[in-house]
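Analysis of the macromolecular model
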Amino acid sequence: MKPLHVSGIQTFLSRFERFSLCEIKIITIKSPSVIEIQFSVQDTGRAFDWIDVAFELSNVSDAKLIENSKLAFLDMSEGINIISEENKFVLCHGQYSSWQTAKDSPLYIICESIKFKELPFSG
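Let me begin by describing the structure that accompanies this report. (Residues numbered from 1 in each chain as written. Predicted model: local features only at pLDDT ≥ 70, side-chain atom pairs only at ≥ 80, totals over all residues. Heavy atoms only, no water.)

Moving on, we get to unusual backbone geometry. Phi angles above zero are rare outside glycine, and L21 is one such case at about 60°. One can find L21 in the loop between α1 (9-15) and β2 (23-31). Residue L21 is classed as exposed on the basis of its relative accessible area, which comes to 62%. Of note in this structure, F48 is not a glycine but carries a positive phi near 65°. (Helix = DSSP H or I, 4+ residues; strand = E, 2+ residues; numbered from the N terminus. Buried < 20%, exposed > 50% of the residue type's maximum accessible area, 1.4 Å probe, protein only.)

What follows concerns the sheet that holds strand β6 (residues 80-85). Strand order in the open sheet formed by 4 strands is β5-β8-β7-β6, and the pairing between neighbours is antiparallel. Because the sheet does not close on itself, it has two edges, and the strands there are β5 (62-64) and β6. Across this sheet, the average inter-strand angle for adjacent strands is 10°, counted without regard to direction. Pairing of β6 with strand β7 (residues 88-93), which is carried by 6 bridges, proceeds in the antiparallel orientation. Paired with E85 across the two strands is K88, which belongs to β7. (Pairing = 2+ DSSP bridges. Axes fitted to C-alpha atoms, helices over the stretch in contact; angles between N-to-C directions.)

Spelled out as structure tokens, the structure:
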């Protein structure tokens, strides 16, 4: 896994068109403070080929999750946002602008660090 640095967040999100119209594959709680979430998304850097991207969010301080069986029903037209402020990261569904407003999202994870890895498309 590679760390997602604050300076690269917007470039990363742009590469995947803010994960709009992606599919959330699975959310895995690895421990009380580590959550992994995996998406299938089109990669503009690979001529819009589909790949999977897994995020590992560490030192989670707050989260609102959706059951894996209901992920397919989440409208992903707004995509996701990753916000960095006050030494925290927030990964949330929708285009919220701060970690406080992101708590209105149906899915958010507030953590201290984010890592990601690119995986083959899982279909």
